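Listed below are the residues making up each chain.
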Amino acid sequence: NLRLDGQAPDSPLVLLLSFDFADDDGDLAEGVLDTFINSEPTSAGPLPLLPIFISSDLDTDAASGHLEFVLELSFADPPPPSGSTFTMGARATDGANHTSTTQEVRLKLEY
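About the criteria used
- Residues numbered from 1 in each chain as written.
- Predicted model: local features only at pLDDT ≥ 70, side-chain atom pairs only at ≥ 80, totals over all residues.
- Heavy atoms only, no water.
- Pairing = 2+ DSSP bridges.
- Helix = DSSP H or I, 4+ residues; strand = E, 2+ residues; numbered from the N terminus.
- Axes fitted to C-alpha atoms, helices over the stretch in contact; angles between N-to-C directions.
- Buried < 20%, exposed > 50% of the residue type's maximum accessible area, 1.4 Å probe, protein only.
- Contact = heavy atoms within 4.5 Å.
- Core = buried A, V, L, I, M, F, W, Y, C linked by side-chain atoms within 4.5 Å.

**Student:** Is there a simple way to think about the sheet that holds strand β6 (residues 64-72) in this case?
**Tutor:** Each strand in a sheet pairs with its neighbour through backbone hydrogen bonds, running either in the same direction (parallel) or in the opposite one (antiparallel). Taken in spatial order, the 3 strands of this open sheet run β1-β2-β6, and their pairing is antiparallel. Single-partner strands in this sheet number two, and they are β1 (3-8) and β6. Pairwise comparison of adjacent strand axes, ignoring direction, gives a mean angle of 25° for this sheet.

As structure tokens, this is what we get:
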């Protein structure tokens, strides 16, 4: 259930995102989060989940919870026109290499 929680107050290109998780064996913090734009991997590469657990104030062996993370957008020059839409996706893989489904949220650029 990937959610866009807003934009950073000091930078509209920084997206504040979150999702809830359930991981029966409690090793999600040992894994990574892959992010996608229009189903293509972002340049951020796999993000370690341990710092996301820590910044979300969640025990690293939690079997369920709510995680918050940020992702900064960057655009080619010229940027896409205002009104363009895209999908932002995320997929988690835990320490035992169990992978979630890819969750997506549709976003619209307005400027």
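**Student:** Mind showing me how you'd approach the environment of T35 here?
**Tutor:** Relative to the assigned elements, T35 resides in strand β3 (residues 32-37). Judged by relative accessible area, T35 falls into the buried class, the value being 3%. Taking the C-alpha atoms as reference, T35 lies 4.4 Å from A90; in sequence the two are 55 residues apart. The residues contacting T35, other than those within four sequence positions of it, are E40, P41, T42, A44, L47, F69, L71, M88, G89 and A90.

**Student:** For this particular structure, what's the right way to read unusual backbone geometry?
**Tutor:** Most peptide bonds take the trans configuration, and most residues that are not glycine carry a negative phi. Residues D77 and P78 are joined by a peptide bond in cis, for which omega reads 5°. Mapped onto the elements, P78 comes out in the loop between β6 and β7 (85-93). One non-glycine residue, N97, lies in positive phi territory at about 70°.

**Student:** What is the right way to look at the nonpolar core in this model?
**Tutor:** General note: in soluble globular proteins, nonpolar side chains tend to be found buried as a group. One finds L33, L49, F53, L67 and F69 to be the most contacted residues of the largest nonpolar core, which totals 24 residues. At the level of elements, β2 (11-22), α1 (49-55), β6, β7 and β8 (103-108) are the ones that each hand at least two residues to this core. If near-sequence neighbours (up to four positions away) are discounted, F53 is found in contact with F21, L28, A29, L58, D59, T60, A62 and L67.

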